[in-house]
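Residue-level structural notes
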Amino acid sequence: MIRHTLMITAAMIGCGDSTGSNTGVVPGENTAPGTFALSEIASGLNNPLYLTAPAGDPRLFVVEKAGRIRIIKNGTLLPTPFLDITSKVSTGSEQGLLSVAFHPSYSSNGFLYVNYTNTTGDTRVERYTVSGNADVANPATAKTILAIDQPFSNHNGGLNLFGPDGYLYVGMGDGGSGGDPQGHGQNKNSLLGKLLRINVDGGDPYSIPANNPFANGGGRAEVWAYGLRNPWRFAFDKTASLLYIADVGQNAFEEINVVATNRTGVNYGWNIMEGASCYGASSCSQSGLQLPAVSYNRDGGACTVIGGMVYRGTAVPQLAGHYLYADYCAGWIRSFKWTNGAIANATEWQTSAHGTILSFGEDAAGEMYVLSANGRVYKIVKS
């Protein structure tokens, strides 16, 4: 049931340089696309970190950090979790149950893939199968897909997402601490600091897509892209064939990267670069590095980028084609359109009423949601 609606008004972000890589400003045009509202659709959740739905399914599946997946069905938060693996999950620091991805053929095979940190703090990607009750998964069907050791408790990444090619992509942080002390970001033989890409339908537990950049050597075969610090989060825009990655910075800059979906072996620069600037040095070689489309500094209380996705729903026409993102500390919601390789319509949506934003989500119809540390889920709707 919708309890109340929060009005969001648009205010333009100041114009910056034309490169798309800048310090503290998102370059944009001088016309805001309009306004939208947030409608509360659920409350009483415990640190909701992700929201998604299987293809064609009207239900919403909300991931709670503690290790539960909850269902919002017909406007009601069901009391019984869809999946409860709290006994397997560590929740300190940035750990927890971090995401779920439903197989593209979920309606026929019932497979879902979770990403969590286990009781020793290491990353596990596991497959589960729905039970005879469509609103409950069978915890006894757990099958380990990936097991990745984590040297520290932070920078776990944690998003599982099926791409438009049907392969499973897994976002991995650099292993934590600060400054990537073990050099995982630029180490092609490490699974940390990477975007991984595997075929869960082609092997046991998976096979390597033939066009992965290191499928024939030179690095771990699972690696699709590298040079990431802590991707929170990434998204595919199937309409425009683009991949967006929001990568959390170290001390000074947050960043969002935009590349073609089929670009392989991209080096996003960490820890040579932080945002569009050299990290820990006055100069550095940027040769072969992908510079961000957006980089902003931590002036004004910003601290951690919260990546969203491109809006492709129908309820809010003025947001069509806009990539939405937020900042954990600053409290704003911003958006931009990526047009012909450049930023357009950069907009800041001024509001503080939604609480601290933890993540965005998307339903099967392409409508978007905001997940808050206040335990509420808000749907983005037309004002």
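Summarised in this report is the structure supplied together with it. (Residues numbered from 1 in each chain as written. Predicted model: local features only at pLDDT ≥ 70, side-chain atom pairs only at ≥ 80, totals over all residues. Heavy atoms only, no water.)

**A few points about the packing of aromatic side chains**
Summed over all chains, the structure comprises 17 aromatic pairs. Aromatic side chains Y325 and W332 sit 5.7 Å apart centroid to centroid with 85° between the ring planes, which places their arrangement in the edge-to-face category. Assessed through its relative accessible area of 0%, Y325 is described here as buried. Where Y325 meets F336, the ring centres are 6.0 Å apart and the plane angle is 65°; that geometry is what we call edge-to-face. Of the two residues, Y325 is situated in strand β24 (residues 323-327) and F336 in strand β25 (residues 333-339); the sequence distance between them amounts to 11 residues. (Phe/Tyr/Trp six-rings, centres within 6.5 Å; stacked < 30°, edge-to-face > 60°. Buried < 20%, exposed > 50% of the residue type's maximum accessible area, 1.4 Å probe, protein only. Helix = DSSP H or I, 4+ residues; strand = E, 2+ residues; numbered from the N terminus.)

**Details of the pairing of strand β13 (residues 168-171)**
Going residue by residue along β13, you find L168 and V170 tucked away on one face and Y169 and G171 tucked away on the opposite face as well. Bridge count between strand β12 (residues 160-162) and β13: 3 bridges; the pairing is antiparallel. Within β13, the residue paired with F162 across the bridge is L168. The hairpin turn running from β12 into β13, its antiparallel successor, is 5 residues long, and G166 in that turn takes a positive phi close to 85°. Of the strand pairs in this sheet, β13 and strand β14 (residues 194-198) are connected by 4 bridges, and their pairing is antiparallel. Across the sheet, V170 pairs through a bridge with L196, a residue of β14. (Pairing = 2+ DSSP bridges.)

**What about the nonpolar core?**
Formed by 40 residues in total, the largest nonpolar core has its most connected members in Y325, F336, F360 and I380. Apart from residues lying up to four places away in sequence, F336 is in contact with Y244, I256, V258, V294, G321, H322, Y323, Y325, I343, A344, N345 and A346. Counting residues in each nonpolar core, the second largest holds 33 residues, with F61, I71, L83 and V266 among its members. (Core = buried A, V, L, I, M, F, W, Y, C linked by side-chain atoms within 4.5 Å. Contact = heavy atoms within 4.5 Å.)

**Some words on the pattern of salt bridges**
Two side chains bearing opposite charge may form a pair once their charged atoms approach each other closely. Applying the stated criterion to the full structure yields 13 salt bridges. Here E64 ties to R68 by a salt bridge, and the two come within 2.9 Å at their closest N and O atoms. A relative accessible area of 1% places E64 in the buried class. Its salt-bridge partner being D204, residue K143 comes within 2.8 Å of it at the nearest N-O pair. Here K143 is found in strand β11 (residues 137-148), whereas its partner D204 is found in the loop between β14 and β15 (223-226), with 61 residues between them in sequence. Since its relative accessible area comes to 65%, D204 is described here as exposed. Here the salt bridges share partners, and the residues they tie into one network are D57, R59, K73 and D135. (Salt bridge = Lys/Arg side-chain N within 4 Å of Asp/Glu carboxyl O.)

**Examining the sheet that holds β13**
In any sheet, the strands associate via hydrogen bonds between backbone groups, in a parallel or an antiparallel arrangement. As summarised here, the arrangement of the 5 strands in space is β12-β13-β14-β15-β19, forming an open sheet in which the pairing is mixed. On the outer flanks of this sheet lie β12 and β19 (266-267), each paired with one strand and no other.

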